[in-house]
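# Per-entry structural report
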Amino acid sequence: METTTAKLLDGKALAEKIYKELAATIAELKPKIGRPPGLAVLMVGDNPASAAYVRNKEKACAKVGITSFGKYFPTDITFTELEAVIAQLNQDEQVDGILVQLPFPGHLDSIALLHQIEPDKDVDGLHPVNLGRLVRSETGLRSCTPAGVMRLLEEYKIPLEGKQAVVVGRSILVGKPMALMLLEANATVTIAHSRSQDLKTITQNADILIAAAGLPGLITADMVKPGAVVVDVGINRLTDSSGKSRLVGDIDFAATARVAEYLTPVPGGIGPMTVAMLLQNTVSSYLQATNH
Ligand SMILES: NC(=O)c1ccc[n+]([C@@H]2O[C@H](COP(=O)([O-])OP(=O)(O)OC[C@H]3O[C@@H](n4cnc5c(N)ncnc54)[C@H](OP(=O)(O)O)[C@@H]3O)[C@@H](O)[C@H]2O)c1
Ligand SMILES: Nc1nc(=O)c2c([nH]1)NC[C@@H]1CN(c3ccc(C(=O)N[C@@H](CCC(=O)O)C(=O)O)cc3)CN21
Ligand SMILES: [Mg+2]
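Computed from a predicted structure; not experimentally measured.

## Things to note about the UniProt feature "domain: Tetrahydrofolate dehydrogenase/cyclohydrolase NAD(P)-binding" (unreviewed entry) in the chain
Taking the UniProt record as the reference, the feature "domain: Tetrahydrofolate dehydrogenase/cyclohydrolase NAD(P)-binding" (unreviewed entry) is found at residues 143–287. The span residues 143–287 carries 34% helix and 19% strand; its end-to-end C-alpha distance comes to 18 Å.

Below, the structure written as structure tokens:
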């Protein structure tokens, strides 16, 4: 059998291009507006899974000229204290975007807290107002990871209209908004999840396959339709026997590269696109807040 190699969808390169555009916008507007855009990130406890995200966000903000306000709290902080922090950030005129890093320690209700973020500062697109706007195909702040997937597919001119798209995962952060964005682009969308029966039969039909379950090795090459476009959202940290750790997605990358037409790497795929969309959302909140 002939062996092919999938073309890589290079999220890192596209993220760099987006940073240049954002940096130029900020350089032009900051003197007129009199302040840089500001992004506040709230983290409770230390979450090793989120460490890469936090690090990359801070680096990227510095690169484009966004001031990032990191707020780190111990695990024993109370819900009432966090509510007060959100209320203060909602009022703060230096802050255009507020992101509550997920997941949250078990005793804290992250959903109730997300509801208290001012929708126009909700750069993660998780407030019910922004989710509602997405359902209605209205403009508004949209979840960064699925927005990053859409932007990357657009960059490579991947046709979506009329295609069979399968999203594996149905979280509010990734799977559900991803499915809505693909639907908006006129794909025929199927959402699979942990209760789906016969996942392989479902994924084998996908012209566009998006894996967002958080399980390394979930998608093997035999589950992928030849010629499919395969996007790996999963970020899983694996530690090998020598104690070295590395990031992998949900897709068996090496074997799938011989079946798919396009494939995203991990790292270097959707992770950097997520950070780029977060910065883009922050800049669009900044422009809106300052009437530009
Ligand atoms: N690249 C990025 O920028 C980025 C951003 C965010 C998240 N992530 C990564 O993406 C992954 C998903 O994140 P998330 O926040 O959406 O996670 P999540 O909230 O844990 O959701 C996981 C989803 O996968 C489904 N699932 C679990 N096991 C499954 C199985 N065996 N077959 C089919 N579906 C299954 C779950 O189904 P149920 O609903 O039935 O439980 C759930 O809907 C994680 O690896 C996360 O680290 C990456
Ligand atoms: N509120 C909230 N929004 C999110 O989008 C979010 C969370 N919380 N919590 C954690 C998850 C995971 N997210 C991530 C995880 C990794 C990268 C990232 O930049 N990944 C690089 C890693 C490079 C490295 O350090 O090796 C990559 O190339 O994939 C981005 C977003 C975003 N996620
Ligand atoms: Mg990636």
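Moving on from the coordinates now.
## Some details on the sheet that holds strand β1 (residues 7–8)
Taken together, the 6 strands give an open sheet; going across it, the order is β1-β11-β8-β7-β5-β6, and neighbouring strands pair in parallel fashion. Looking along the sheet, the strands with just one partner apiece sit at the ends: β1 and β6 (188–192). In the sheet, strand β5 (residues 164–168) pairs with β6 via 5 bridges, with the strands oriented parallel. By the bridge assignment for β6, A165 is matched with V189. Of the strands in this sheet, β5, β6 and β7 (208–211) are in contact with helix α7 (residues 175–184), which crosses β5 at around 170 degrees.

## As for unusual backbone geometry
Geometrically, the link from L102 to P103 is a cis peptide bond, its omega value of -5 degrees lying close to zero. Summarising the element assignment, P103 is placed in the loop between β4 (97–100) and α4 (110–114). At the junction of V266 and P267, the peptide bond is cis and its omega measures out at -5 degrees in the coordinates. Here P267 shows up in the loop between β11 (262–263) and α10 (270–289). The phi dihedral of D198 is positive, around 55 degrees, even though this residue is not glycine.

## A few points about the sheet that holds β4
Backbone-to-backbone hydrogen bonds pair the strands of a sheet. The strands run either parallel or antiparallel. Reading across from one edge, β3-β2-β4 is the order of the 3 strands in this open sheet, with parallel pairing throughout. Only two strands of the sheet have a single partner each, and these edge strands are β3 (67–73) and β4. Within this sheet the neighbouring strands show an average axis-to-axis angle of 15 degrees, counted without direction. Where strand β2 (residues 38–44) meets β4, 4 bridges bridge the pair, whose relative direction is parallel.

## What about the pairing of strand β9 (residues 236–239)?
Bridge analysis of β9 against strand β10 (residues 245–248) gives 4 bridges, and the strand direction is antiparallel. Opposite N236, over in β10, you have V248 as the bridge partner. Taking the residues that link successive antiparallel strands as the turn, the β9-β10 hairpin has 5 residues, and the phi of G243 there is positive, at about 90 degrees.

## A look at the site of ligand 2
Neighbouring residues of ligand 2: 17 residues in total, closest N56, V100, L102, D124 and G268. R55 places a side-chain nitrogen or oxygen 3.2 Å from an oxygen atom of ligand 2. Coverage of ligand 2 by the protein amounts to 84% of the 680 Å² it exposes when considered alone. Contributing elements (two or more residues each) for the shell around ligand 2: α2 (48–64) and α10. Of the residues assigned to the shell around ligand 2, the class counts are 10 nonpolar, 5 polar and 2 charged.

## Thoughts on the site of ligand 1
Around ligand 1, the surrounding shell holds 21 residues, and the nearest of these are R170, S171, S194, V233 and T274. Interatomic distance of 2.8 Å between a side-chain N/O atom of R170 and an oxygen atom of ligand 1. Within the backbone of V233, an N or O atom sits 3.1 Å from a nitrogen atom of ligand 1. Alone, ligand 1 offers 910 Å² of accessible surface; in the complex the protein occludes 68% of this. Here the shell around ligand 1 takes 3 residues from α10, the largest share from any one element. Its residues assigned to classes, the shell around ligand 1 shows 10 nonpolar, 10 polar and 1 charged.

## Here we look at the environment of V100
Position of V100 relative to the elements: it lies in strand β4. Among the residues examined, V100 registers a relative accessible area of 2% and is labelled buried. Separated by 133 residues in the primary sequence, V100 and V233 have C-alpha atoms spaced 19 Å apart. When sequence neighbours within four positions are dropped, the list of residues in contact with V100 reads L42, I86, L113, L114, I117 and D124.

## With respect to the packing of helix α6 (residues 144–155) against α7
Two numbers describe a pair of packed helices, the interaxial angle and the distance between the axes. The contact between α6 and α7 brings their axes to 8 Å, and the two run at 35 degrees. Where α6 crosses over α7, the handedness of that crossing is right-handed. Within the contact between the two elements, α6 uses P146, A147, V149 and M150 and α7 uses P177, M178, M181 and L182.

Each value, and the rule that gives it
- Residues numbered from 1 in each chain as written.
- Chains lettered and ligands numbered in written order.
- Predicted model: local features only at pLDDT ≥ 70, side-chain atom pairs only at ≥ 80, totals over all residues.
- Heavy atoms only, no water.
- UniProt positions renumbered as here; feature names shortened; annotations may be inferred.
- Helix = DSSP H or I, 4+ residues; strand = E, 2+ residues; numbered from the N terminus.
- Pairing = 2+ DSSP bridges.
- Contact = heavy atoms within 4.5 Å.
- Axes fitted to C-alpha atoms, helices over the stretch in contact; angles between N-to-C directions.
- Near = heavy atom within 4 Å.
- Polar contact = N/O pair within 3.5 Å; in protein donor to acceptor, adjacent residues only side chain to side chain.
- Areas by Shrake-Rupley, 256 points an atom, 1.4 Å probe, with all protein chains shown as cover.
- Nonpolar A, V, L, I, M, F, W, Y, C, P; charged D, E, K, R; others polar.
- Buried < 20%, exposed > 50% of the residue type's maximum accessible area, 1.4 Å probe, protein only.
- Left-handed = near helix turned anticlockwise from the far one by under 90°.

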